[in-house]
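Residues per chain are reported as follows:
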Amino acid sequence: MVQILKAKEELFKNMKKLIYFLLFISLYYFCAPQAAQPAKPAETESEIVIIGEEEEKKPAPEEKKGEETVVITEEETPAPSPAPETVEEGEVVIAPTPKKETPLPQPSPSKVFGYRVQILAVDASKPGNKEKAEKFAKEAEARLKGEYKVYVEYIPPYYKVRVGDFISREEAERMKMRLRSLGYYDAWIAETEVAPKR
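Residues numbered from 1 in each chain as written. Predicted model: local features only at pLDDT ≥ 70, side-chain atom pairs only at ≥ 80, totals over all residues. Heavy atoms only, no water.

## Focus: the overall build of the protein
Phase 1 of the analysis: Counting its regular elements, the protein contains three helices and four strands.
Phase 2 of the analysis: Counting helices and strands in the order they occur from the N terminus, the protein gives α-β-α-β-β-α-β.
Phase 3 of the analysis: Classification of the 198 residues of the protein by burial places 17% in the buried group.
Phase 4 of the analysis: Nonlocal contacts in the protein, meaning residues at least 24 apart in sequence, comprise 67% of its contacts between residues at least 6 apart.
Phase 5 of the analysis: For the protein, the accessible surface area stands at approximately 18700 Å², while carbon and sulfur atoms represent 57% of it. (Helix = DSSP H or I, 4+ residues; strand = E, 2+ residues; numbered from the N terminus. Buried < 20%, exposed > 50% of the residue type's maximum accessible area, 1.4 Å probe, protein only. Contact = heavy atoms within 4.5 Å. Areas by Shrake-Rupley, 256 points an atom, 1.4 Å probe, with all protein chains shown as cover.)

Below, the structure is given as structure tokens:
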């Protein structure tokens, strides 16, 4: 028993030394000054001249008075234009009409972002489920006494029965609670496009 205790003490001392050693190494590594890297020489646009070789001088093009010299770089090179067609006398030439950009479709003002309360979703792949959803929607509309419109929406792969056109979430929350009190316990709020009341 005494030997086991001495072995544990020895192991503890060795572990303590190892931890101190690792701490010292990590502090030295992270706190020691790093060797400075040599600064890159500033790139200048000076011309390099090699001694012993002379630069060939090109004769300057003669400039004509009254004419402007235009320099075109490769980036600015215009695309070649098509060769003009010859037109005979009396022939009618129709110029091509420029293409008009079609405007992007705007959202219809009759639909806005809002909320509906979903009370049923049935699998559209099963026969008879569309009729089931429509019947459920008519019953729900009757229970709400026609105050709110009830929709049957096909959102693959389901037919979903949803109630109302609510702009604010608070209105949708109130309708969800009302529908749950009417027995539609699975009612939940769905974000969708709605037709605002006018």
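## Observations concerning the packing of aromatic side chains
Phase 1 of the analysis: Taken as a whole and judged by the stated rule, the model has four aromatic pairs.
Phase 2 of the analysis: Centre to centre, the rings of Y154 and Y159 are 5.2 Å apart; their planes meet at 45°, and the pair counts as tilted.
Phase 3 of the analysis: The partly exposed category is assigned to Y154, whose relative accessible area is 48%.
Phase 4 of the analysis: Residue class for Y159 comes out buried when judged on its relative accessible area of 15%.
Phase 5 of the analysis: When the ring centre of Y151 is taken as origin, the NZ or CZ atom of R116, which lies over that ring, is 3.7 Å away. (Phe/Tyr/Trp six-rings, centres within 6.5 Å; stacked < 30°, edge-to-face > 60°. Lys NZ or Arg CZ within 6 Å of the ring centre and 35° of its normal.)

## Comments concerning the pairing of strand β2 (residues 150-155)
Phase 1 of the analysis: When β2 meets strand β3 (residues 158-166), the two strands line up antiparallel, connected through six bridges. Within β3, the position partnered with Y154 by the bridge is Y159.
Phase 2 of the analysis: The turn linking β2 back onto β3 is made up of two residues. (Pairing = 2+ DSSP bridges.)

## Describing the sheet that holds β2
The strands making up a sheet are joined through hydrogen bonds of the backbone, oriented either antiparallel or parallel.
Phase 1 of the analysis: The four strands are arranged β2-β3-β1-β4 in an open sheet whose pairing can be described as antiparallel. If you trace the sheet from one side to the other, it starts and ends with β2 and β4 (188-194), each paired once. Strand-to-strand twist of the sheet, defined as the mean angle between neighbouring strand axes without regard to direction, takes the value 45°.
Phase 2 of the analysis: Pairing geometry for strand β1 (residues 112-123) and β3, over seven bridges, is antiparallel. In the sheet register, V117 faces β3, and the bridge partner there is V163.
Phase 3 of the analysis: Contacts from helix α2 (residues 129-143) reach β1, β2 and β3 within the one sheet, and its direction differs from that of β1 by about 120°.
Phase 4 of the analysis: Most of the contacts of helix α3 (residues 169-181) go to β1, to which it runs at about 25°, and overall it touches β1, β3 and β4. (Axes fitted to C-alpha atoms, helices over the stretch in contact; angles between N-to-C directions.)

## Let's talk about the nonpolar core
Phase 1 of the analysis: Ranked by size, the top nonpolar core spans 20 residues in total, and within it V117, I119, V150, V161, V163, M175 and L179 carry the most contacts.
Phase 2 of the analysis: Among the secondary structure elements, those contributing two or more residues to this core are β1, α2, β3 and α3.
Phase 3 of the analysis: At five residues, β1 tops the list of elements feeding residues into this core.
Phase 4 of the analysis: Aside from chain neighbours lying at most four places away, what touches I119 is F136, A140, V161, V163, L179, Y184 and A187. (Core = buried A, V, L, I, M, F, W, Y, C linked by side-chain atoms within 4.5 Å.)

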